[in-house]
Amino acid sequence: MFNRNVENVRLIDTVTSRRASVGTLYLTATHTIFVENETEILTETWVLHSLVFSVEKQASTTTGCPLLVRCKNFQVLQFVIPQERDCHDVHVSLLHLSRPEHYEELYCFSYNANSDREDRRKAWDFINLKAEYSRMGLPNHLWKLTPANHHYKVSDTYPADLYVPKSATPPVIMGSSKFRSRGRFPTLSYYYKENHAAICRSSQPLSGFSARCLEDEQMLEAIVRSNPRSDFMYVVDTRPKLNAMANRAAGKGYENEDNYSNIKFHFVGIENIHVMRNSLQKMLEVSEAHFPSMSYFLEGLESSGWLKHIKAVVDAGVFITKAIAEEGISVLVHCSDGWDRTAQVCSVASVLLDPYYRTLKGLMVLIERDWVSFGHKFSHRNNHLNGDPKEVSPVIDQFLECVWQLSEQFPCAFEYNERFLITIHHHVYSCQYGNFIGNNQKERTELGLQEKTHSLWTYLWKNRTDYINPLYRPDHSQTQGVLRPLTAPYCFKFWGALYNRFDRGIHPRQSVMEYLMAIREETQQLEEQLASHEMKILNVEKQQKKSVNLETNMFDRSPAVWASPPSNSSVGLANTPGDYSGLGGFLKSPYQQKEPENSLLILPWPQELRKPTDPDLSTNGDDQESGIAGLSCLSPPNEESAKDPDSDETAYSAA
Amino acid sequence: MEFSEHIKTANVEDVVLRRPFYQPTKGTLCVTGHHLIFSNRGGDSARPFLLLLRNIDAIEKRPSVSSGTITLKCKDLCVLQLDIPGMEECLNIASSIESLSSLETVSEMYPFFYRPPFLSLQDQWGLSSTEQHYAQMKEIHDGWRVSQVNRDYSVSPSYPPAVIVPHSIDDETLVKAARFRQGGRFPVLCYYHRETGTVIMRSSQPLSGANRKRCREDELLLQAVIDGSELGYIIDTRSSQQAQQARMTGGGFESKSCYRGWKRLHRQLEKGKVLQESLIKLVEACGDQSHSVDRWLSKLENSKWLSHVQTALSTAGLVAECVERDGHSVLVHGSEGTDTSLLVSSLAQLILDPDSRTLAGFLGLLEREWVQAGHPFQQRCAHSAYSHVRLRHEAPVFVLLLDCVWQLARQFPLAMGFSEPLLLRLAKEVYASDYGTFLCNSDQERCVTGVKERTHCLFQSLLRANERQHYSNPLYERTELAIWPSIQPPSLQLWKGLFLQWTDDALHLVEAQKVIQNLVSQCHRPLNEKVENTDG
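Small disclaimer: the values here were computed from a predicted structure and weren't measured.

Novice: Before we move on, could you go through the nonpolar core and cite the residues and values that matter?
Specialist: Considering soluble globular proteins, one finds that nonpolar side chains tend to be buried as a cluster. Ranked by size, the top nonpolar core spans 235 residues in total, and within it Ile 367 and Phe 399 of chain A together with Leu 347, Leu 426 and Phe 499 of chain B carry the most contacts. For Leu 426 of chain B, the contacting residues outside a window of four places in its chain are Phe 362, Leu 366, Phe 398, Leu 402, Phe 438, Leu 458, Phe 459 and Leu 462 of chain B. By size, the runner-up hydrophobic cluster in this structure holds 27 residues, among which are Val 15, Leu 29, Cys 78 and Ala 94 of chain B.

Encoded structure:
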């Protein structure tokens with residue numbers, strides 16, 4: 001087992017570039033750990049190797065050799081290591097550790113491996129897709145479960161259980177699958193029981209310039225017929241038209257309206273994974289800039305194109321939602337392979353259509369259905385193994401962001417909060433749980449993930465109080481039925497809580513959500529207390545009726561023990577000034593050069609005021625303000641750390 | 001009344017009114033001296049729709065043969081449409097609105113006619129006077145005094161009659177110092193920081209001019225402020241280049257050699273036309289929903305509004321940092337000392353002073369730092385973002401202040417005693433109001449025109465018990481600490497509540513506010529009391 005530590009390493013605060021803490025850097029089998037040695041309280045920074053996106057060794061300076069570690073959860077750590085050789089070693093080791101070659105090396109296989117096998121197995125049953133389909137009302141007289149893909153013999157990237165129109169015969173399914181990329185024939189994603197319209201999904205047809213397939217045409221006809229109130233369906237190709245046309249040259253392409261009776265064809269123009277990867281990269285450069293001007297930020301945000309792409313996905317979701325809920329028309333969605341854009345669009349539409357997916361468990365089910373079971377290539381897209389960098393793309397990230405954008409527009413409509421989405425994002429990359437390992441159901445079954453790893457969903461469910469949106473009102477008019485979001489461009493905002501997750505300075509210094517969560521908890525306690533008081537009063541009154549002579553000392557006069565009202569400590573007031581002298585650039589003005597007296601005025605950050613006793617400045621305190629202590633890479637080395645998803649006692653002892 | 005001259009057609013039947021959030025409705029339109037009144041026919045109990053003519057920023061008419069359409073663009077950014085049967089009626093109504101909405105005689109404005117039953121003209125106009133404010137701050141009585149030197153507005157026409165100045169400076173010195181400052185606005189106290197004993201002052205620029213004139217009394221006055229400590233900061237809200245240029249027109253800045261111990265910092269805050277155009281561009285960008293995301297972001301950037309917010313907050317943060325962290329006094333000024341200086345000094349006080357973050361405290365701050373301090377409201381807020389009239393002195397400095405306060409409240413949602421609806425109400429009232437608070441350009445003008453005797457004060461009205469509830473922040477938890485805002489771009493957001501208040505987007509946010517309100521006040525607090533009542 002590789003094991004190494006380097007002393008006198010400095011960790012630079014990348015937000016201010018001014019603060020640095022000195023400590024020891026440990027590399028363990030699973031984590032990079034930085035232990036500060038100057039503070040009274042032991043402060044540690046833990047980074048999971050699987051979360052490391054890139055490690056960059058920069059040119060040595062007189063103070064040492066800088067090493068920049070970028071993480072997939074957008075944490076950026078800059079270490080300065082005194083000796084160049086040590087830095088080189090750490091660099092090489094970290095590169096090696098963060099890019100495993102085999103699934104078996106991933107963290108989930110060693111995380112909490114000794115727990116009871118049976119418990120673990122049961123935990124996986126928490127999310128059950130059969131139950132989800134029956135919640136939708138399936139199977140019924142229109143849709144049936146087909147055994148066609150058992151043992152993954154028709155499509156190795158599809159799940160074993162699939163729903164197809166009642167009239168789709170095995171030869172039709174087989175024929176259609178041969179006419180579709182990777183055998184991904186049209187099958188049901190979501191059934192809207194109010195009016196029998198359905199969202200179906202597939203990959204692109206292998207139509208080339210003129211090829212036809214009778215079975216595929218019959219398959220679509222069967223979908224039309226399984227919606228008794230309509231006589232046509234939409235086929236939505238989520239790609240830009242140009243891309244779809246280019247695919248025809250490779251013998252793929254899109255449906256010709258002339259060959260398929262009763263379809264209306266529609267392009268929605270979402271860009272491919274490569275465009276999205278580059279767009280995110282550009283946006284991250286903007287969000288990482290130190291003290292940028294407002295113009296730099298907005299121009300950068302614009303030129304990254306990121307919000308434009310997010311809007312495109314939401315727009316597509318809105319189109320499908322309208323078709324299903326308002327027109328009652330079924331929709332077939334595909335892109336090229338039908339596992340990226342198709343997954344995004346189908347799941348956004350589901351969130352808009354069905355309030356269930358706006359609940360905690362509903363979102364888990366939705367991700368399990370449209371992403372995990374339908375073969376979104378998590379391990380490729382999220383860079384779990386040392387693989388082709390061109391396969392990496394923030395596809396599910398965009399889905400989570402779409403949900404966030406919607407929840408910003410409808411603050412009372414979602415049972416889960418922002419932290420829930422960020423936690424899922426974190427674990428899509430962390431490889432700590434088995435849910436997102438591999439690229440399809442077949443691979444996951446072969447890896448034995450349900451036997452060897454834990455499920456994220458049960459962990460989230462156990463801790464669900466952290467993820468509840470206190471504003472959620474199931475009975476609110478916003479919450480019921482179909483969501484009809486505005487998609488004007490100003491409705492799309494930069495998601496600072498995710499992309500600047502570790503730049504604590506930019507987040508609101510007090511959290512309404514946490515305050516309300518504290519209030520809610522307190523309210524519950526008060527209600528219980530009220531009930532118990534009323535009970536006592538009732539008892540007393542009964543007693544008094546029985547015997548008026550009895551004194552009131554029957555009362556339990558013990559002091560009330562309800563929680564103290566939500567104080568500043570629970571909602572955290574980060575109280576340090578920003579860098580107000582960084583803007584405006586008065587040092588650069590020509591006038592200053594003439595009169596150098598003023599150039600002294602770089603306003604000092606009052607370092608001497610930063611006593612370690614200031615709760616706002618200690619790292620642990622800070623982390624709680626960011627509101628994501630539970631999933632952060634910082635974990636105190638005490639007994640409670642076992643609860644922390646990122647800490648692992650075996651890993652720590654290895655250090 | 002002379003208004004009748006402007007009213008050619010007073011009543012029109014069968015007018016269709018289209019406005020945000022409502023279905024088009026048919027009813028009777030009536031033009032009065034100060035209002036458009038639209039009432040639904042059929043006599044349902046719904047209150048008639050009342051629009052203050054002063055609120056109308058621009059009017060567009062499209063008459064046709066048998067009818068016409070009038071689009072009214074209001075200063076509160078609402079856009080309404082009236083479909084009027086009859087071309088003549090349409091033209092008459094339009095011309096009445098045009099002339100009545102642009103009346104400029106102060107004493108003809110609606111606040112002089114507004115007589116609500118719940119207020120009396122006998123009440124004190126305003127919340128507090130300089131003297132009362134001074135009397136409450138016992139800790140400054142040793143070093144500072146109230147000077148009545150401006151009691152007849154002869155020293156500075158835009159200052160209030162009483163100001164707070166260093167104890168050691170007599171009125172004679174003040175008079176001389178005032179001659180050396182534009183508009184006679186010599187340095188006066190606006191905030192005293194108890195912990196460090198340092199102060200924030202504001203003034204206008206010194207009139208040093210091209211040949212670097214000096215004024216002994218002005219230097220003495222500033223010397224007295226930092227007496228005993230070695231350093232003070234002058235935050236000049238112009239770039240150093242602008243300050244240099246100001247010398248050519250008789251203005252200038254405090255040079256280091258003349259003002260010992262004072263260090264000068266320049267921060268360029270835009271005002272005047274630049275700011276007004278910024279608002280116009282922003283509102284234009286918000287008005288068009290058909291943009292692509294790229295175009296929207298580019299227009300948002302191009303408007304520079306958020307850049308102005310960023311600079312204002314950053315400068316205020318700098319001032320607050322000087323006072324609280326470094327323990328040095330600060331003098332803020334730009335050129336006239338009636339716009340950006342007030343913006344910076346009031347934001348710095350909100351950052352530092354928990355008393356100014358309560359509902360009453362905030363209104364008191366606005367009264368001292370804006371109304372009494374002589375922000376020329378009438379000039380600045382004559383027109384808003386839709387007007388086609390050639391701009392003169394318009395500038396949304398006060399709206400920028402409200403936006404900055406909103407940003408502070410967004411970053412510290414528990415620290416402010418007042419709520420977003422208060423800021424929105426103020427943003428509306430400053431352009432068109434039933435109250436006299438924002439009339440005129442200075443205290444002197446308000447006295448001359450009788451505003452204080454013949455109109456009601458908005459701030460007092462907002463503090464009435466039933467209004468107070470609506471404008472209080474249900475999440476308020478007082479903190480004694482300074483609230484340091486982040487000025488990083490991702491921390492600053494477009495104020496949807498104001499700029500998009502007429503879209504569904506804002507509607508959802510308003511609903512969410514109601515849920516929060518319910519959660520806290522109707523669920524939590526009464527329960528708390530109930531438990532206390534049953535317990536014992």
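Novice: Go over the UniProt feature "binding site: substrate" (unreviewed entry) in chain A, please, and point to the residues and values.
Specialist: All names here are of chain A. Here, UniProt's "binding site: substrate" (unreviewed entry) annotation points to Asn 272, Ile 273, Cys 335, Ser 336, Asp 337, Gly 338, Trp 339, Asp 340 and Arg 341. In sequence the annotated residues extend across 70 residues, while in space they remain close, none of their C-alpha pairs exceeding 12.3 Å. Positionally, Ser 336 belongs in the loop between β14 (331–334) and α10 (341–353). According to the relative accessible area criterion, Ser 336 is buried, its value standing at 16%. Excluding residues that lie within four positions of it along the chain, Ser 336 makes contacts with Ser 181, Ser 203, Gln 204, Arg 239, Asn 247 and Arg 341. Along the chain, Asp 340 turns up in the loop between β14 and α10.

Novice: Report on helix α1 (residues 84–98) of chain A, specifying residues and quantitative values.
Specialist: Residue and element names in this part refer to chain A. Given a rise of 1.5 Å per residue, 15 residues ought to cover 21 Å, and the 21 Å separating the end C-alpha atoms of α1 matches this to within 8%. Of all the positions in α1, only Asp 86, Cys 87, Val 90, His 91, Ser 93, Leu 94, Leu 97 and Ser 98 are classed as buried. Looking at the buried residues of α1, the elements they touch are β1 (4–12), β2 (20–27), β3 (31–36), β5 (52–57), β6 (65–71) and β7 (76–81).

Novice: Could you give an account of the packing of aromatic side chains, with specific residues and numbers?
Specialist: Think of a pair of aromatic rings as described by two things: how far the centres are apart, and how the planes are tilted against each other in angle. In total, this model carries 41 aromatic pairs over all chains according to the counting rule given. Taking the centre distance of 5.6 Å and the plane angle of 80° together, the rings of Tyr 158 of chain A and Phe 374 of chain A count as edge-to-face. Placement of the pair is Tyr 158 of chain A in the loop between β8 (143–146) and β9 (162–165) and Phe 374 of chain A in the loop between α11 (360–373) and α12 (378–381), with a sequence separation of 216 residues. Of the two residues, Tyr 158 of chain A and Phe 374 of chain A, neither departs from the other in class, the shared state being buried. Geometrically, the ring pair formed by Phe 377 of chain B and Phe 398 of chain B is edge-to-face, given 5.4 Å between the ring centres and 75° between the ring planes. With Phe 377 of chain B in helix α11 (residues 377–380) and Phe 398 of chain B in helix α12 (residues 397–411), this pair connects stretches of sequence that are 21 residues apart. Since its relative accessible area comes to 1%, Phe 398 of chain B is described here as buried. Members of the aromatic cluster, each reached through a chain of ring pairs, are Phe 74, Phe 297, Trp 306, Trp 404, Phe 494, Trp 495 and Tyr 499 of chain A. Note that Arg 135 of chain A overlies the ring of Tyr 357 of chain A, its terminal NZ or CZ placed 5.3 Å from the centroid.

Novice: Kindly report on the sheet that holds strand β12 (residues 232–236) of chain B, identifying the contributing residues and their values.
Specialist: Two pairing modes exist for strands in a sheet, parallel and antiparallel, and in both the strands are linked by backbone hydrogen bonds. All names here are of chain B. In spatial order, the strands read β10-β11-β14-β12-β13; together these five strands make up an open sheet with mixed pairing. Single-partner strands in this sheet number two, and they are β10 (188–193) and β13 (262–266). Strand-to-strand twist across the sheet, computed as the mean angle between neighbouring axes with direction ignored, equals 20°. Here β12 runs beside β13; their pairing, made up of five bridges, is parallel. Residue pairing in the sheet places Ile 235 in a bridge with Leu 265 of β13.

Novice: Can you lay out the side chain of Ser 356 of chain B for me, pointing to particular residues and giving the numbers?
Specialist: Residue and element names in this part refer to chain B. Along the polypeptide, Ser 356 turns up in the loop between α9 (340–352) and α10 (359–372). Residue classification places Ser 356 among the buried residues on the basis of a relative accessible area of 2%. Polar side-chain contacts of Ser 356 include one of 3.2 Å to the backbone oxygen of Gln 349. Leave out the neighbours within four places in its chain, and Ser 356 touches Gln 349, Leu 350, Gly 361, Phe 362, Leu 365 and Phe 418.

Calculation notes
- Residues numbered from 1 in each chain as written.
- Chains lettered and ligands numbered in written order.
- Predicted model: local features only at pLDDT ≥ 70, side-chain atom pairs only at ≥ 80, totals over all residues.
- Heavy atoms only, no water.
- Core = buried A, V, L, I, M, F, W, Y, C linked by side-chain atoms within 4.5 Å.
- Buried < 20%, exposed > 50% of the residue type's maximum accessible area, 1.4 Å probe, protein only.
- Contact = heavy atoms within 4.5 Å.
- UniProt positions renumbered as here; feature names shortened; annotations may be inferred.
- Helix = DSSP H or I, 4+ residues; strand = E, 2+ residues; numbered from the N terminus.
- Expected span 1.5 Å × (residues − 1).
- Phe/Tyr/Trp six-rings, centres within 6.5 Å; stacked < 30°, edge-to-face > 60°.
- Lys NZ or Arg CZ within 6 Å of the ring centre and 35° of its normal.
- Pairing = 2+ DSSP bridges.
- Axes fitted to C-alpha atoms, helices over the stretch in contact; angles between N-to-C directions.
- Polar contact = N/O pair within 3.5 Å; in protein donor to acceptor, adjacent residues only side chain to side chain.

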